[in-house]
Amino acid sequence: MLSELTQCLPGTPMGTLLRKFWQPVAASTDVEPGKATMVNTMHQWFTLYRGETGEPHLVAQRCAHRGTELRVGWVEGDCIRCFYHGWKYDPTGQCVEQPAEEKSFAHKIRIEAHPAHEYAGLIWAYLGEGEPPPFPRRYELEREGVSWVMVQVWPCNWFQQVENSIDASHVSFVHREGLFGQVVTEAPPKLECEETEFGIIQRAIRPGNNVRVSDWQFPNCNHVVVPRANDAHSGGWVDLFNWKVPIDDDHTRTFIIRSVAATGESKHKLEEWATTRGNYDPSEHHDELFRKYMPDDQANLIAAQDYIAQVAQGPIVDRSAERLGNTDAGIILLRKLFTRELEAIKAGQPTKHWRQRYEPADLPVPPGISKEPVPLPV
């Protein structure tokens, strides 16, 4: 059963489970109106294109005729035309025109297509069967303020990244050589974990009434509240969202959104600051990081430290050789929930109806830490 946790091929129990949810597949900036590109997710390649109106659409990678990639074709209205022989498809995958064929032929041809939706700087897709579930909106991403997106691709399995997000104990050690770890302290936390209608709420309780809460949304999103780095533009608290989406069994794409509530001049200054952040991906600095040459920027340092810890487990960690303890309570509960859901899929039974949170999660921040600008990582 442990090996099933890491597999995401179509038709596998986990592949089926993940496809029951809307998943981010690209950043909004990855494709312009009237253009097409390719995206890969969960062992599948697709053509992502925007119609001339700007609406995103997701269809099969290749034309049904001779297999040419559709990304090299032309976007016409909300349709895409193959570069090779001009076959044209609408957003549902239906072929609507074949210049050299009888008109009756086109309606017999349909390629794979999936619902796509743009939200909060990301393009999402529903890759499962039947009608998609309600789209997972978040209050924190719709309030007035500033949000910015980052995307990272790491050479390890998605599930060990999900486990890391619910592993509150690692913070005291992996991140101790940085401001984040210094605030959390090296003391191992007492963990309180509970299943909710959304996923898991985990409280990591450390001395001094220091409580860090993870609002983990099933199946692959973690939400925490963290203080922003101190700079001239404003402080405040950041809602941090991370979606861990498998590319294949050995590679994961993480979609990161940071959102800060702000208005007026503070919002304007923060927007200017956010445009300078760039997209740091530790995988682009693999060799130097494993020689312990770490970035100076505190936010990048956290990502680099997590990268070392997770990638050093190998592409897929051997869970059969593990020895779990009290500090692994979140991981134990996480595996229990996934095992239960996978067993339901294999038995042909319904899985749990996981709600998608929209109202504020109202996560507490550590008492005793000022909510004014503080020298902590984003």
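It should be noted that the structure appears before, not after, this text.
The rules behind the values
Residues numbered from 1 in each chain as written. Predicted model: local features only at pLDDT ≥ 70, side-chain atom pairs only at ≥ 80, totals over all residues. Heavy atoms only, no water. Pairing = 2+ DSSP bridges. Helix = DSSP H or I, 4+ residues; strand = E, 2+ residues; numbered from the N terminus. Axes fitted to C-alpha atoms, helices over the stretch in contact; angles between N-to-C directions. Buried < 20%, exposed > 50% of the residue type's maximum accessible area, 1.4 Å probe, protein only. Phe/Tyr/Trp six-rings, centres within 6.5 Å; stacked < 30°, edge-to-face > 60°. Arc of directions from axis to C-beta. Contact = heavy atoms within 4.5 Å. Core = buried A, V, L, I, M, F, W, Y, C linked by side-chain atoms within 4.5 Å. Parallel < 35°, antiparallel > 145°, perpendicular 65-115°, else oblique. Left-handed = near helix turned anticlockwise from the far one by under 90°. Nonpolar A, V, L, I, M, F, W, Y, C, P; charged D, E, K, R; others polar. Polar contact = N/O pair within 3.5 Å; in protein donor to acceptor, adjacent residues only side chain to side chain.

1. Focus on the sheet that holds strand β10 (residues 116–119)
Consideration 1: Strand order in the open sheet formed by 3 strands is β1-β11-β10, with antiparallel pairing between adjacent strands. This sheet does not close on itself; its edge strands, each paired only once, are β1 (22–27) and β10. For this sheet, the mean inter-axis angle between neighbouring strands, taken without regard to orientation, is 35°.
Consideration 2: As defined by bridge partners, β10 adjoins strand β11 (residues 122–126) across 4 bridges and the pair is classed as antiparallel. Paired with Y119 across the bridge in β11 is L122.

2. Brief notes about unusual backbone geometry
Consideration 1: Along the chain, F218 connects to P219 via a cis peptide bond; the corresponding omega equals 5°.
Consideration 2: Here P219 shows up in the loop between β15 (210–217) and β16 (221–227).
Consideration 3: In this structure, H43 takes a positive phi of about 70° despite not being glycine.
Consideration 4: Its location among the elements puts H43 in the loop between β2 (36–41) and β3 (44–50).
Consideration 5: The partly exposed category is assigned to H43, whose relative accessible area is 32%.

3. With respect to the sheet that holds β2
Consideration 1: Here we have 4 strands laid out as an open sheet, ordered β2-β3-β4-β9, and antiparallel in their pairing. Looking along the sheet, the strands with just one partner apiece sit at the ends: β2 and β9 (113–114).
Consideration 2: The pairing of strand β4 (residues 56–60) with β9 spans 2 bridges and is classified as antiparallel. Pairing of V59 across the sheet is with A113, part of β9.

4. Observations regarding the packing of aromatic side chains
Two measures describe an aromatic ring pair: the distance that separates the ring centres and the angle between the ring planes.
Consideration 1: As enumerated under the stated definition, the model contains 18 aromatic pairs in all.
Consideration 2: Summarising the aromatic geometry, the rings of F21 and F218 are spaced 5.7 Å apart at their centres and angled 55° between planes, so their arrangement reads as tilted. You can see F21 sitting in the loop between α1 (13–18) and β1 and its partner F218 sitting in the loop between β15 and β16, a full 197 residues away along the chain.
Consideration 3: Under the relative-accessibility criterion, F21 is labelled buried at 11%.
Consideration 4: The exposure class assigned to F218 is buried, which follows from its relative accessible area of 1%.

5. Remarks on helix α6 (residues 264–274)
Consideration 1: All of the buried residues in α6 are L270, W273 and A274. Relative to the axis of α6, the buried residues are bounded by an arc of 95° and lie together on one face.
Consideration 2: Buried residues along α6 sit in contact with β12 (145–154) and β18 (251–261).

6. Thoughts on the nonpolar core
Consideration 1: Membership of the largest hydrophobic core comes to 32 residues, with the highest contact counts inside it found for M14, L17, W216, L334 and F338.
Consideration 2: At the level of elements, α1, β1, β3, β11, α3 (158–165) and α9 (329–346) are the ones that each hand at least two residues to this core.
Consideration 3: Looking at this core, the element that brings in the most residues is α9, giving 7 residues.
Consideration 4: Apart from the residues within four sequence positions on either side, W216 is in contact with V162, S165, I166, F198, G199, I200, C221, N222, L334 and F338.
Consideration 5: Among the nonpolar cores identified, the runner-up in size contains 22 residues, and V224, V260, Y280 and Y307 belong to it.

7. Remarks on the packing of α3 against α9
Consideration 1: Running from N to C, α3 and α9 cross one another at 130°; their axes reach a closest spacing of 9 Å. Regarding the angle of α3 to α9, the classification is oblique. Where α3 crosses over α9, the handedness of that crossing is right-handed. Of the residues in α9, those in contact with W158, F159, V162 and E163 of α3 are I331, L334, R335 and F338.
Consideration 2: The residue makeup of the contact of α3 with α9, split by class, is 6 nonpolar, no polar and 2 charged.

8. Notes on the side chain of T12
Consideration 1: Structurally, the position occupied by T12 is in the segment before α1.
Consideration 2: You can call T12 buried: its relative accessible area is 15%.
Consideration 3: For T12, the side chain forms a polar contact with the main-chain nitrogen of G15, separated by 3.0 Å.

The values reported here are purely geometric and, on their own, carry no functional implication.
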